[in-house]
Amino acid sequence: MAEQISVKELLKDSPKNWGKWGDDDEVGSLNYLTPAVVAKAAGSIKSGKTFTLQVKMANPEGDPVWPGRQGATRINVMDAGHYHAGKGPAFAGGAQYADDYMTFFLQGSTQYDALGHVWYDDKIWNGRDSKTTIGGLAFASILPIAEKGVVGRGILLDMARFRGKESLAPGETFTHEDLQACAKKQGCEIQKNDILVIRTGWIAQYYKIGSVEFYKDFIEPGLTHSDALVKWFHEMEIPNLVTDTIANEVTTDPVSGVTLPLHNALMRNLGVTLTEIAWLDDLAADCASDGQYTFLYVAAPLKVCNGTGAPVNPVVIK
Ligand code: UVW
């Protein structure tokens, strides 16, 4: 059996944006979303129809997460039951209330990855030491992304519809050329600085077939690594990749055998922000019915200090 190639070897000629926005930059390719780019993107709004892209959290049907993580747990700590048991706090005037708390993986819902979330060769985004992640991300955490916010022109690339499928199959791959062909079929074109919103139909399958079937021989469909694809993302100055899969790319690259190489090629090296587990089915149905696949995309993950990522409920305005 051939020896497994390392991600370092695979990406040895891959472009990097380290230093491009200064050595202290923590938001990477979001820098492409300048005020001029945002103002132009607002011109994509035609009808004012809105869509939210987060999956439900603490869903009784379960939360789709990367294997090894758990979905959110929400627990009531105050409700009418407490008052009926004589344990609710007595407010002057008689007002009563319900309260709860939730525990969850920061990557356990629709979420932004911090640029320091994934690395190889002991270096994270912008060349910082991976030791800066110990005990909490001291550099390139989710906080700077949350403070900046993400606003730009989004383009839905409905790969599932393009291939005439309800969902792409486990391990099914596609390339940047397929994205361009999909856009063409949809009657639109991917432009420089576009936020790519890619629908595979995969996350909807979690709710449809149930978690046991969903996680069996787990391998997600998605983009697959090539030098040409990384070069294209670099030249197109893509700020953000949003998908309805848990990890934004095919789980294991079928050519190299490397797990999640695009996390490193795009996020660690180019500073492309990754948004995972997005709910795209309602948006996609609307785009198919009115033929408008471009829109204003607005998102801001939660301001979690030192976090490796944070939940987000992006809003699309068509
Ligand atoms: C992993 O961290 C494995 O994936 P994700 O970026 O989907 O959270």
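Residues numbered from 1 in each chain as written. Predicted model: local features only at pLDDT ≥ 70, side-chain atom pairs only at ≥ 80, totals over all residues. Heavy atoms only, no water.

Novice: I tried to follow the overall build of the protein chain on my own but got confused; where do I start?
Specialist: Each helix and strand in the protein chain was counted, giving 11 helices and 13 strands. Relative to the 2.2 N^0.38 estimate, which gives 20 Å for 318 residues, the radius of gyration of the protein chain is 21 Å and therefore close to what a compact globule would have. Taken over the C-alpha atoms alone, the protein chain extends approximately 65 × 50 × 45 Å along its principal axes. A total of 318 residues make up the protein chain; the buried ones form 50% of that total. Across the protein chain, contacts joining residues at least 24 apart in sequence account for 80% of those joining residues at least 6 apart. (Helix = DSSP H or I, 4+ residues; strand = E, 2+ residues; numbered from the N terminus. Rg over C-alpha atoms; globule rule 2.2 N^0.38 Å. Buried < 20%, exposed > 50% of the residue type's maximum accessible area, 1.4 Å probe, protein only. Contact = heavy atoms within 4.5 Å.)

Novice: What is the right way to read the sheet that holds strand S7 (residues 195-199) from this model?
Specialist: Pairing is mixed across the open sheet formed by nine strands, whose spatial order is S1-S13-S11-S5-S7-S9-S10-S4-S12. Lying at the two open borders of the sheet, with one neighbouring strand each, are strand S1 (50-52) and strand S12 (309-311). Each strand of the sheet is rotated relative to its neighbour by a mean of 25 degrees, with strand direction disregarded. By the bridge criterion, three bridges tie strand S4 (residues 111-113) to S12 in an arrangement that is antiparallel. For Gln111, the partnering residue across the bridge sits in S12 and is Pro311. On the sheet, helix H6 (residues 176-186) packs against strand S5 (150-158) and S7 and is oriented at approximately 85 degrees with respect to S5. (Pairing = 2+ DSSP bridges. Axes fitted to C-alpha atoms, helices over the stretch in contact; angles between N-to-C directions.)

Novice: Can you help me understand the pattern of salt bridges in this one?
Specialist: Side-chain pairing between opposite charges can occur once the charged atoms of the two side chains come close. If you walk through the whole model with that rule in mind, you get 18 salt bridges. Of the charged contacts in the structure, one is a salt bridge between Arg163 and Glu172, with a shortest N-O distance of 2.9 Å. We classify Arg163 as partly exposed; its relative accessible area is 27%. A residue is classified by how much of its surface remains accessible, and Glu172, at 14% relative accessible area, is buried. Of the charged contacts in the structure, one is a salt bridge between Arg163 and Asp178, with a shortest N-O distance of 3.4 Å. Residue Arg163 is located in the loop between helix H5 (159-162) and strand S6 (173-174), and its partner Asp178 is located in helix H6; the two are separated by 15 residues in the primary sequence. One connected set of salt bridges, linked through shared partners, spans Lys49, Asp286, Asp290 and Lys318. (Salt bridge = Lys/Arg side-chain N within 4 Å of Asp/Glu carboxyl O.)

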